Each structure stands twice: as structure tokens, then as C-alpha cells.
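Understanding the architecture of this molecule
One letter stands for each residue in the lines below.
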Amino acid sequence: MIPLVFHPIYSQLSLPDRHRFPIEKYVGIRDELIARGVSPSRFTTPTPVTNEELMRFYSPEYVNQLTTGTLDKKAMRRIGFPWSDQLIERTRTAVGGTIQTANLAIETGKALNLTGGYHHAFADFGSGFCLFNDLYLAAKAMQSHEGIDNVLIIDLDVHQGDGTAKLAENDDDIFTLSLHGEKNFPHRKQISNIDIGLPKAAEDDEYLTTLEQAITLAFRQFQPDAIIYDAGVDVHVNDDLGLLNISTQGVYRRDKMIFDLAEREGLPIAAVIGGGYQRDIAALVDVHIQLYRAAGIVE
């Protein structure tokens, strides 16, 4: 049985009216999975990440200031959320969820978090709704297991995984692949092991062909023992922040390609849902559900 990691706090954050972040989508995904027949007992509750765990890889000053509410206002504006105790507790739990998903993937072969993909967070600052980079922490967690030396992070969010690329730039055992919209945020891109920026309005065929080529190239350069997959759906044609034109079926085919790759190569895979910014939460949840269809959790 494929583990699913979820906590109600994923969708518990008080935000200003018309705030861009669709906080309701996480519980929406959980509810839709249950409506499609997934037992509530399938969901594993994550343990929040601690300051000590964060400080192993991130700036102690940044961790302390962010968690105590003393980070300066400009730095908080760059993150994009107003500071609150609730924000910190939600973040700890979400990041802990991705770490737990990574550990469960090593044990079972495949696991999915119902949040995650906070790839714009760097070692000493947050950005773009991302406070702490869960993907990098999850890769390090995987490497703590016997036989897992090399981890491939496949980031298919429409926004480049800039924080992940920077964190892993001197880590030869973590390989970063980012396929994103060239004209999308962040305007200043970092250097992943493989970066492919797609033009505005790219559609399914171009996207999927490019992805297949990118995966082939990654496996020529790197022999992973495990995969972390950021399945952002802000590539979707109806996304409010993405500039690509990928259909819902294209998202499903993309996700299926990644899970099939992991199965074919015999590699454990941990998946997170990444970005998605349609204001219509029901429509957004439907696109995110393609990940769980592709994983074989629902039909």
C-alpha cells in the first residue's frame, strides 16, 4: 500500500483576502482522494521538523529569526506571507511531511506528500511562498539510509527550483533537474545540473518530448539510487501564474512518465504536489489529483 502523508494544518493558515496562495487546496486533495475511495486510514501524520534538524543545512541565524518572528520585514515580504506562529507550525509540519515521505519511499518504494515542493527557499533566506527547502532536506534524509548515496531531484514546477539548485550546487551526490517556464519567476535563475526553460505557451507534445529528453540526459550523467519528484501543476493551461499551456491529460502523462521511470529503474520515489494557483480550488484539485492517478492510488 502506497503511503500518503497529510496533516490538516497544511490548509490551516489565516491569509489576507485575495492572497495569491491557495491554502485550501491541500485539504481539498485529501477530501477528493477519500471521495474516490481512499481510506482515511491510509494517511500518515507527519512529525514537524525541529530547529536542530533545519540548522544542520540552513543558516542558524535565518532559522532562529524566522521561527521567532524577528526576521526583518523586507525578508518576510520576499517570502510572501505575513509572519505568525501558525505559519511557522504549518511550515514545520509540511517540511516534516516531505522528510517523512522520503523515508517512507525508501521503505516501501513509493510515497506521496499532500503538500511540499518549497523549492524557492535558500540556505539563508526564503522566497516565493517557501520558508525552508523541503526537497533538499528530503534528499539528505534519503541519503541517511543504507544503499542510498545518489538522489535525483526532478522538479517539474513551472518555476525553476532555484533554491534547490543553489543548495545542491556543491553536493555531487544530489542531481537537480529543472524543467520550467523560461519567462516565469524567478527572473534570476540558478544553475541546476540540468536546466531547460520552455517558451511561453508551450503545449503537451513539446513539453513531454522535452521531458523525455531531459530524463535520458540525466541518466546518462548520473546514476541515482532514489528520486524526489516535485509535480507542480502550475504548468497547466488554466493556471493563474504559469505561462505554459499543458492540458490536464498532459499533466497526467507527465506524472505517469516519472512513476514509470522509477518503476523501470527499480528506484524508490518520493513525490510532492508543488505549485498550482488556479483560484477555482475544485478545478485546481482536479489537476493535482492526476499525480495520484498516475501513482495508481485512484483511478
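A brief report on the enclosed structure follows. Since the structure is predicted, the reported quantities are computational estimates derived from the model, not experimental observations.

Turning to the overall build of the chain, a few remarks are in order. A tally of helices and strands in the chain yields 10 helices and 8 strands. Referenced to the eigenvectors of the C-alpha coordinate spread, the extents of the chain come out at roughly 45 × 40 × 40 Å. Across the 299 residues of the chain, 60% fall into the buried class. Sequence-distant contacts in the chain: of pairs separated by 6 or more residues, those separated by 24 or more amount to 73%. Carbon and sulfur atoms form 46% of the exposed surface of the chain, whose accessible area is close to 12,200 Å².

With that out of the way, let us pick up the nonpolar core. Core analysis: the largest hydrophobic core is formed by 105 residues, its most contacted members being Leu33, Leu112 and Tyr292. With near-sequence residues (within four places) excluded, Tyr292 lies in contact with Leu4, Ile29, Leu33, Leu112, Asn113, Leu114, Ile273, Ile297 and Val298.

Our next topic: the side chain of His288. When you line up the elements, His288 lands in helix α10 (residues 281-294). Leaving out residues up to four positions away in the same chain, His288 has contacts with Lys25, Ile29, Val233, Ile273, Gly274, Gly275 and Gly276.

This next bit is on the pattern of salt bridges. Taken as a whole and judged by the stated rule, the model has 8 salt bridges. Notably, a salt bridge pairs Glu169 with Lys166, separated by 3.1 Å at the nearest N-O pair. With a relative accessible area of 43%, Glu169 lands in the partly exposed category. Lys166 gets classed as partly exposed once you look at its relative accessible area, which sits at 37%. Between Arg254 and Asp255 there is a salt bridge whose closest N-O contact spans 3.0 Å. Here Arg254 matches Asp255 in class, with each residue buried.

Once that is clear, we can look at the packing of aromatic side chains. Summed over the entire model, instances satisfying the criterion amount to 14 aromatic pairs. Ring geometry for Phe81 versus Phe129: centroids 5.2 Å apart, planes at 35 degrees, classification tilted. Remark: Phe129 occurs in the loop between β3 (110-113) and α6 (134-143) and Phe81 occurs in the loop between α4 (73-79) and α5 (85-108); sequence separation between them is 48 residues. The class for Phe129 is buried, based on a relative accessible area of 15%. Here the aromatic rings of Tyr229 and Phe259 are separated by 6.4 Å at their centres, their planes lie at 90 degrees, and the arrangement is edge-to-face. Here Tyr229 is found in strand β7 (residues 226-230), whereas its partner Phe259 is found in helix α9 (residues 248-265), with 30 residues between them in sequence. Looking at Tyr229, the relative accessible area reads 0%, which means it is buried. Following the ring pairs from residue to residue traces out a cluster consisting of Phe6, Tyr10, Phe21, Tyr26, Phe43, Phe81, Phe129 and Tyr277. Seen from the ring of Phe259, Lys110 lies directly overhead, with NZ or CZ sitting 5.2 Å from the centre. When the ring centre of Tyr252 is taken as reference, the NZ or CZ atom of Arg293 above it lies at 4.1 Å.

For the rest of this paragraph, the subject is the pairing of β7. For β7, the buried fraction is high: 5 of the 5 residues fall into the buried class. Summarising the sheet, strand β4 (residues 151-155) and β7 pair through 5 bridges and their orientation is parallel. Bridge pairing in β7 places Ile153 opposite Ile228. In terms of strand pairing, β7 meets strand β8 (residues 269-272) through 4 bridges, oriented parallel. What sits directly across from Ile228, in β8, is Ala270. In this fold, β7 hands off to α9, which returns the chain to β8; that crossover is right-handed.

In this section: the packing of α9 against α10. Closest axis-to-axis distance for the α9/α10 pair is 8 Å, and the angle between their directions is 30 degrees. By the angle between their directions, the pair α9 and α10 is classed as roughly parallel. The handedness of the crossing between α9 and α10 comes out as right-handed. Touching Thr248, Val251, Tyr252, Asp255, Lys256 and Phe259 of α9 are Asp286, Val287, Gln290, Leu291, Arg293 and Ala294, all from α10. A breakdown of the residues in the contact of α9 with α10 according to their chemical character gives 6 nonpolar, 2 polar and 4 charged.

Relative orientation of the contacting elements α5 and α6 amounts to 35 degrees, with a least axis distance of 8 Å. Judged by the twist between their axes, the crossing of α5 over α6 is right-handed. Only Asp134, Leu137, Ala138, Ala141 and Met142 of α6 make contact with α5, whose side of the interface consists of Val95, Thr98, Ile99, Ala102, Asn103, Ala105 and Ile106.

Within the fold, Asp286 resides in helix α10. Sequence-wise, Asp286 and Ile29 are 257 residues apart; in three dimensions their C-alpha atoms are separated by 8.1 Å. With near-sequence residues (within four places) excluded, Asp286 lies in contact with Arg36 and Thr248.

Rules used in this analysis
- Residues numbered from 1 in each chain as written.
- Predicted model: local features only at pLDDT ≥ 70, side-chain atom pairs only at ≥ 80, totals over all residues.
- Heavy atoms only, no water.
- Helix = DSSP H or I, 4+ residues; strand = E, 2+ residues; numbered from the N terminus.
- Buried < 20%, exposed > 50% of the residue type's maximum accessible area, 1.4 Å probe, protein only.
- Contact = heavy atoms within 4.5 Å.
- Areas by Shrake-Rupley, 256 points an atom, 1.4 Å probe, with all protein chains shown as cover.
- Core = buried A, V, L, I, M, F, W, Y, C linked by side-chain atoms within 4.5 Å.
- Salt bridge = Lys/Arg side-chain N within 4 Å of Asp/Glu carboxyl O.
- Phe/Tyr/Trp six-rings, centres within 6.5 Å; stacked < 30°, edge-to-face > 60°.
- Lys NZ or Arg CZ within 6 Å of the ring centre and 35° of its normal.
- Pairing = 2+ DSSP bridges.
- Right-handed = clockwise from strand over helix to strand, strands pointing away.
- Axes fitted to C-alpha atoms, helices over the stretch in contact; angles between N-to-C directions.
- Parallel < 35°, antiparallel > 145°, perpendicular 65-115°, else oblique.
- Left-handed = near helix turned anticlockwise from the far one by under 90°.
- Nonpolar A, V, L, I, M, F, W, Y, C, P; charged D, E, K, R; others polar.

Everything listed here is a matter of geometry and, on its own, says nothing about what the molecule does.
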